[in-house]
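Residue strings, one per chain:
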Amino acid sequence: MCGIVGYVGPRPSQDILLAGLARLEYRGYDSAGIAVIDEQGDLGMRKKAGKLAMLRDSLAEHPLAAGTTGIGHTRWATHGGPTDVNAHPHLADDDKLAVIHNGIIENFNVLRDELISEGVTFRSETDTEVAAALLGREYRASGDLASAFRAVVNRLEGAFTLLAMHEDQPGVVVGARRNSPLVIGLGEGENFLGSDVAAFVEHTRKALAIGQDQMVTITPSSVEVTDFDGNPVEAQPFDVSWDAAAAEKGGWPSFMAKEVAEQPDAVANTIRGRVQGDQVVIPELDGLDELFIGIDRVIITACGTASYAALVGKYAIEQWARVPVDVELAHEFRYRDPVIGDKTLVISISQSGETMDTLMAVKYARERGARTLSVCNTQGATIPRESDAVVYTHAGPEVAVASTKAFSAQITALLLLGLHMGRVRGSLSDSAASDVAELQALPEKIAQVLAEEQEHVAQLAGWMADTRSVLFLGRHVGYPIALEGALKLKEISYIHAEGFAAGELKHGPIALIEPGQPVFVIVPSPRHSALVHSKVVSNIQEIRARGARVIVIAEEGDAAVLPFADEVIRIPLTGAMFEPVLAVVPLQIFAMALATAKGLDVDQPRNLAKSVTVE
Ligand code: M6R
């Protein structure tokens, strides 16, 4: 939920920290701060409520003394509101020690009471300041930052990434993680720590992933990783597959606009290397044939947009691999008593790979004996590390809070997985080769939707800027797209929006229809099922009869919708399972254009953060 960056090396750290925070700001943007140990060995700190620009302005006006060791933080508030005082870093040991933190320290109250009884006073309402004060106490006792830090992390419960530095030990930053991300960037004579590789990708693409319950000490020339007992641990090296330019706006008005436009490439990258002839073969799943043949059930678990990708995955995997699939919201999954066994495959989907609810669901599934596979976009993230296997989506960095290209890449990965499992289980029909061809044609068809419908949809959004509520209807794989269309709109335009299964309409939601009510309807192709198509056309007639303003998304040439539609958005012909990837694009454009027409920040919507690392 918060972004963390640390630096030790020969260069002035302030600019490196601010640049890193700018790339991490998607993780939280209600306050930001940095601390630097200057050349005299004094620790300077500045923090400000509001977006990173507030901190930048303050530093431009009153710079901190230059130094080459530093830590920086961008916050999404949990304990205590977004104020200057609650912003990180938090100081202790007579302000010689600075700490930043991501996550929630669940036992902070007990620790706080303990420290108060020893005479410690607190300035903020945060759990983080408690960790800082504890570290101050331990440091005074041992005089060694790493061992004091180890003593602290062993007392903390909950989820945390913590970084700390002390002015007595310039050139040293310590970090630790539990159920929250932290990666190491390896430079030449300098080293970095970050919540993700975006923090340092402009300086190095060589990284180390730190495991659960591990801590790290970096100096300009060394990196030492241990477990929480101090035993040395080998961190897993990886190369970052994208460069700094991929995480820049590159002339686009927003990251969201850029990411919507990148979808043809994102989907092509998900498919790349996973089709051999007319078959899908995912090399990362080599050796898992027995598992795929032996399972009797699949559960897909995810949150938000990823859970809608999961719903599409359910249809695809059931159709191609002939195995029952349930979709479970990750935050519901482990709070009941689900039936899981060693023949259950639990697939988790997460763009960030660090959504706490999803991570906990994966751990829970493993504890119950299930096999686990994750679909993830972020290398070195926690969820893939906790899973038996991973299919990376390779969509590139997604910065805008509202997920777009990650969603189409997630669906694509699930389509690949369905075709891969179907091949291994011998359950594919004779038409599988044409499905593989459709899959490969997706990038080009997404590009066509972008080219042909962008302006039309944006215009529509402009006309609807005063709309107070929008409904979305779909059937079959159009249903998850209705849910996603509604979520996109809520998320960035703050307009009430609901997605429904079209068949559910008459069971209640139709009462919402009044004259002028805008309703998007995702119409399935009549070529795949004349029956489902005709049912959706009937649903359209039902709402039209009650005065709804109907905006239809239908395939080229579908004339049956024309008499009942106020607006028609066209998508190219494709296979039934592939329609979601095309139909979602106009809905993303609509949400983005409507939010823009209302003058809202589409990349950083209120109250939200990109990765939700708290439960
Ligand atoms: O990183 P994840 O895919 O695990 O994130 C899951 C959801 O928090 C995420 O999809 C959220 O719903 C998006 N902001 C939607 O646009």
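Residues numbered from 1 in each chain as written. Predicted model: local features only at pLDDT ≥ 70, side-chain atom pairs only at ≥ 80, totals over all residues. Heavy atoms only, no water.

Trainee: Mind showing me how you'd approach the sheet that holds strand 21 (residues 389-392) here?
Mentor: As a general point, the strands of a sheet are linked pairwise by backbone hydrogen bonds and lie either parallel or antiparallel. Ordered by their spatial adjacency, 5 strands build an open sheet running 18-17-19-20-21, and the pairing between neighbours is parallel. Two strands close off the open sheet at either side, each with one partner strand: strand 18 (325-329) and strand 21. Each neighbouring strand pair of the sheet contributes to a mean axis angle of 20°, computed without reference to strand direction. Summarising the sheet, strand 20 (residues 371-376) and strand 21 pair through 4 bridges and their orientation is parallel. Counterpart to S374 in the pairing with strand 21 is V390. Relative to strand 18, helix 9 (residues 304-321) is tilted by about 175°, and along the sheet it contacts strand 17 (297-302), strand 18 and strand 19 (344-350). Docked against the sheet, helix 11 (residues 356-367) engages strand 17, strand 19 and strand 20, running at close to 165° with respect to strand 19. (Pairing = 2+ DSSP bridges. Helix = DSSP H or I, 4+ residues; strand = E, 2+ residues; numbered from the N terminus. Axes fitted to C-alpha atoms, helices over the stretch in contact; angles between N-to-C directions. Contact = heavy atoms within 4.5 Å.)

Trainee: Which parts of the structure should I look at to understand the pattern of salt bridges?
Mentor: Pairing of side chains with opposite charge becomes possible as their charged atoms draw close. Inspection of every chain in the model, using the stated rule, returns 28 salt bridges. The salt bridge involving E114 is made with R137; its shortest N-O contact spans 3.1 Å. In this pair, E114 sits in helix 3 (residues 108-117) while R137 sits in helix 4 (residues 128-142), placing the two residues 23 residues apart along the sequence. Here E114 falls in the partly exposed class, since its relative accessible area comes to 23%. In this structure, E262 engages K258 in a salt bridge whose closest nitrogen and oxygen atoms are separated by 3.1 Å. The network of salt bridges with common partners includes E114, E118, R137, E138 and R155. (Salt bridge = Lys/Arg side-chain N within 4 Å of Asp/Glu carboxyl O. Buried < 20%, exposed > 50% of the residue type's maximum accessible area, 1.4 Å probe, protein only.)

Trainee: In this structure, what is going on with unusual backbone geometry? I would like to understand it.
Mentor: Most peptide bonds take the trans configuration, and most residues that are not glycine carry a negative phi. The amide bond that connects H88 to the next residue, P89, takes the cis arrangement and shows omega of 5°. Positionally, P89 belongs in the loop between strand 4 (67-75) and strand 5 (90-92). Phi angles above zero are rare outside glycine, and Y494 is one such case at about 60°. Tracing the sequence through the fold places Y494 in the loop between helix 15 (478-493) and strand 23 (496-501).

Trainee: Hey, could you run me through the environment of E39 in this one?
Mentor: Note that E39 resides in the loop between strand 2 (31-38) and strand 3 (43-49). On a C-alpha basis, the gap between E39 and V240 in space is 32 Å, while along the polypeptide they are 201 residues apart. Ignoring anything within four residues of it in the chain, the contact list for E39 reads A66 and G67.

Trainee: Explain the UniProt feature "active site" (unreviewed entry) in the protein chain to me, please; I cannot follow it from the model alone.
Mentor: In the numbering used here, UniProt assigns the feature "active site" (unreviewed entry) to C2 and K610. Spanning 609 residues, the named residues nonetheless gather at one spot, since no C-alpha pair among them exceeds 9.3 Å. Within the secondary structure layout, C2 lies in the segment before strand 1 (3-8). Those residues within four positions of C2 in sequence are excluded, and the remaining contacts are R27, H73, T74, R75, W76, H101, N102 and S195. Position of K610 among the secondary structure elements: in the segment after helix 17 (579-597). For K610, a relative accessible area of 12% gives the class buried. Excluding residues that lie within four positions of it along the chain, K610 makes contacts with Y26, R27, Q351, E398, V399, A400, V401, A402 and S403. A polar side-chain atom of K610 sits 2.8 Å from the main-chain carbonyl oxygen of A400. (UniProt positions renumbered as here; feature names shortened; annotations may be inferred. Polar contact = N/O pair within 3.5 Å; in protein donor to acceptor, adjacent residues only side chain to side chain.)

Trainee: Help me understand helix 15, please; the structure alone is not making it clear to me.
Mentor: Counting along an α-helix, one turn takes 3.6 residues, and residues three or four places apart therefore face a common direction. Helix length check: helix 15 (16 residues) gives 22 Å between terminal C-alpha atoms against 22 Å at 1.5 Å per residue, within 8%. A large share of helix 15 lies buried, amounting to 14 of its 16 residues. Taken from the residues just after helix 15, Y494 is the one with a positive phi, measuring 60°. (Expected span 1.5 Å × (residues − 1).)

Trainee: Which parts of the structure should I look at to understand the packing of helix 7 (residues 263-271) against helix 14 (residues 432-463)?
Mentor: Helix-helix packing is described using two parameters, namely the angle between the two axes and the distance between the axes. Running from N to C, helix 7 and helix 14 cross one another at 175°; their axes reach a closest spacing of 8 Å. Taken together, the axis directions place helix 7 and helix 14 in an arrangement best described as roughly antiparallel. Residue-level inspection shows Q263, P264, V267, A268 and I271 of helix 7 in contact with helix 14, the latter providing L439, Q440, L442, P443, I446, A447 and L450. Here the residues of the contact of helix 7 with helix 14 are counted per class, giving 10 nonpolar, 2 polar and no charged. (Parallel < 35°, antiparallel > 145°, perpendicular 65-115°, else oblique. Nonpolar A, V, L, I, M, F, W, Y, C, P; charged D, E, K, R; others polar.)

Trainee: Even after reading the chapter, I still don't get the nonpolar core, so can you show me in this structure?
Mentor: As a rule of thumb, soluble globular proteins bury nonpolar side chains together. Counting 95 residues, the largest nonpolar core has I347, L373 and M421 as the members making the most contacts within it. Here this core gets 13 residues from one element, more than from any other, and that element is helix 17. Residue contacts for L373: discarding those within four places in its chain leaves L285, F292, L345, V346, I347, S348, S387, A389, V391 and L417. (Core = buried A, V, L, I, M, F, W, Y, C linked by side-chain atoms within 4.5 Å.)

Trainee: How should I be thinking about the site of the ligand in this particular structure?
Mentor: Taken together, 15 residues sit near the ligand, with S350, Q351, S352, T355 and E491 positioned nearest. Contact distances for the ligand include 2.9 Å between an oxygen atom and a side-chain N or O atom of K488. A distance of 2.5 Å separates a nitrogen atom of the ligand from a polar atom in the side chain of E491. For the ligand, whose unbound accessible area comes to 420 Å², protein coverage reaches 90%. Every element with two or more residues in the shell around the ligand is listed here: helix 9 and helix 15. A breakdown of the residues in the shell around the ligand according to their chemical character gives 5 nonpolar, 8 polar and 2 charged. (Near = heavy atom within 4 Å. Areas by Shrake-Rupley, 256 points an atom, 1.4 Å probe, with all protein chains shown as cover.)

Trainee: Which parts of the structure should I look at to understand the sheet that holds strand 2?
Mentor: Strand order in the open sheet formed by 8 strands is 3-2-4-1-10-9-11-14, and the pairing between neighbours is antiparallel. At either margin of the open sheet sits one strand with a lone partner, and together these are strand 3 and strand 14 (236-239). Pairwise comparison of adjacent strand axes, ignoring direction, gives a mean angle of 20° for this sheet. With 4 bridges joining them, strand 1 and strand 10 (residues 191-194) adopt antiparallel strand pairing. Following the sheet pairing, Y7 is matched in strand 10 by F192. Sitting on the sheet, helix 1 (residues 13-24) is in contact with strand 1, strand 2, strand 4 and strand 10, with an inclination near 20° to strand 4. On the sheet, helix 2 (residues 52-61) packs against strand 2 and strand 3 and is oriented at approximately 135° with respect to strand 3.

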